[in-house]
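Now for the letters of each chain:
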Amino acid sequence: MNALDKKLVQKIKFLRTRGRSIPEISRILMISRSTALRYSNTVSILPAYRRRWLERRNASKIKSQRHLEEAKKNAETKLPNITNKDLVVILSSLYWAEGNKKDLVLTNTDPEMIRTFLYILRRVYNIPNNELRVSLRIYEDLNKKECLRYWSKITGIILNNKTTVSVLIGHKKGKLSYGMCRIRVKRGGRLLKEIFSIINRINLLTKPS
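Residues numbered from 1 in each chain as written. Predicted model: local features only at pLDDT ≥ 70, side-chain atom pairs only at ≥ 80, totals over all residues. Heavy atoms only, no water.

S.K.: For this particular structure, what's the right way to read the overall build of the protein chain?
M.R.: For the protein chain, the count of helices and strands is eight helices and four strands. Helices (α) and strands (β) of the protein chain occur, in sequence order from the N terminus, as α-α-α-α-α-β-α-β-α-β-β-α. For the protein chain, whose C-alpha radius of gyration is 25 Å, the value lies well above the compact-globule estimate of 17 Å for 209 residues. If one aligns the C-alpha atoms of the protein chain with their principal axes, the spans along those axes are about 70 × 50 × 35 Å. Per-residue burial over the protein chain gives 33% buried out of 209 residues. Within the protein chain, counting contacts between residues at least 6 apart in sequence, those at least 24 apart form 74% of the total. Of the accessible surface of the protein chain, which amounts to about 14600 Å², a share of 53% is contributed by carbon and sulfur atoms. (Helix = DSSP H or I, 4+ residues; strand = E, 2+ residues; numbered from the N terminus. Rg over C-alpha atoms; globule rule 2.2 N^0.38 Å. Buried < 20%, exposed > 50% of the residue type's maximum accessible area, 1.4 Å probe, protein only. Contact = heavy atoms within 4.5 Å. Areas by Shrake-Rupley, 256 points an atom, 1.4 Å probe, with all protein chains shown as cover.)

Written out as structure tokens, the structure reads:
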């Protein structure tokens, strides 16, 4: 570390001892937040400045909560209810991002995405459970029975020892606490064509004129 770097680090630590937040340090010294955090995360704030730091942190939390409440109200205003037409667009968008191109298959670790996908299939397209095939992919350190119970609850389909479960070598990563759930629609060729037609329609309508 050269002399200039040492001076910069000293400034970071000085500001932190005075109760400056990471965003403040980043802005004052014109450095990235990650750099500010790296050199200040072990620095203690001096007692004389701790009250100021706590007040500003609480104010930031209050502001963040206010913004969240405003966002919720805006969401309710813009989407007071949801129609089947809306659900079709949502389904197509989900599939556009996560779906299989050859068969009507969607795989994801997000339970809300899987639940929403199934909800639309059932409500809009009246697809019964016997037309759906659920399989899992889990890491070897996960409990197979717990994963089956978890995804049974999410999908509303009873999963048991007959359910296909692919066990991957290694350990769970990030959000893979219950593995990946794969939903396949039997004889879903016609619906798949409709989904891709809607995707193409979205592309057409959003192209610059």
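S.K.: How should I be thinking about the pairing of strand β3 (residues 165-168) in this particular structure?
M.R.: Consecutive side chains of a regular strand alternate in pointing toward one face of the sheet and then the other. Summarising the sheet, strand β2 (residues 132-139) and β3 pair through four bridges and their orientation is parallel. Within β3, the position partnered with Ile 138 by the bridge is Val 167. Between β2 and its parallel partner β3, the chain crosses via helix α7 (residues 144-155), and the hand of that crossover is right-handed. (Pairing = 2+ DSSP bridges. Right-handed = clockwise from strand over helix to strand, strands pointing away.)

S.K.: What exactly am I supposed to notice about the sheet that holds β3 here?
M.R.: Strand pairing in a sheet takes place through backbone hydrogen bonds and is either antiparallel or parallel in direction. Spatial ordering of the open sheet is given by β1-β4-β2-β3, a layout of four strands whose pairing is mixed. One side of each edge strand has no neighbouring strand; the edge strands of this open sheet are β1 (105-108) and β3. Averaged over all pairs of adjacent strands, the angle between their axes in this sheet comes to 15°, without regard to strand direction. With four bridges joining them, β1 and strand β4 (residues 180-185) adopt antiparallel strand pairing. Along β4, the bridge assignment pairs Asn 108 with Cys 181. Its contacts with the sheet put helix α6 (residues 111-125) on β1, β2 and β4, and the angle it makes with β4 is roughly 15°. (Axes fitted to C-alpha atoms, helices over the stretch in contact; angles between N-to-C directions.)

S.K.: Would you take a moment to explain the packing of α6 against α7 for this structure?
M.R.: Helix-helix packing: each pair is described by the crossing angle between the helix axes and the interaxial distance. Where α6 meets α7, the closest approach of the two axes is 9 Å, and the angle between their N-to-C directions is 40°. Regarding the angle of α6 to α7, the classification is oblique. Across the interface between the two elements, Pro 111, Ile 114, Arg 115, Leu 118 and Arg 122 of α6 pack against Tyr 150, Trp 151, Ile 154 and Thr 155 of α7. Of the residues in the contact of α6 with α7, the class split is six nonpolar, one polar and two charged. (Parallel < 35°, antiparallel > 145°, perpendicular 65-115°, else oblique. Nonpolar A, V, L, I, M, F, W, Y, C, P; charged D, E, K, R; others polar.)

S.K.: When you look at the packing of aromatic side chains in this model, what are you seeing that I'm missing?
M.R.: Both the distance between ring centres and the angle between the ring planes are used here to describe each pair of aromatic rings. Using the criterion set out here, one finds three aromatic pairs in the structure. When the centroid spacing of 5.1 Å and the interplanar angle of 85° are considered together, the rings of Tyr 150 and Trp 151 count as edge-to-face. By way of ring pairs, the aromatic residues Tyr 150, Trp 151 and Tyr 178 are connected into one cluster. (Phe/Tyr/Trp six-rings, centres within 6.5 Å; stacked < 30°, edge-to-face > 60°.)

S.K.: Would you mind showing me how to read the pattern of salt bridges here?
M.R.: Oppositely charged side chains may form a pair once their charged atoms are brought near each other. This model, assessed by the stated rule, comprises six salt bridges. Between Glu 112 and Arg 115 there is a salt bridge whose closest N-O contact spans 3.0 Å. Of the two residues, Glu 112 and Arg 115 are both situated in helix α6; the distance of three residues between them amounts to about one turn of the helix. For Glu 112, a relative accessible area of 45% gives the class partly exposed. Judged by relative accessible area, which is 39%, Arg 115 ranks as partly exposed. (Salt bridge = Lys/Arg side-chain N within 4 Å of Asp/Glu carboxyl O.)

Distances and angles like these do not, on their own, reveal function.
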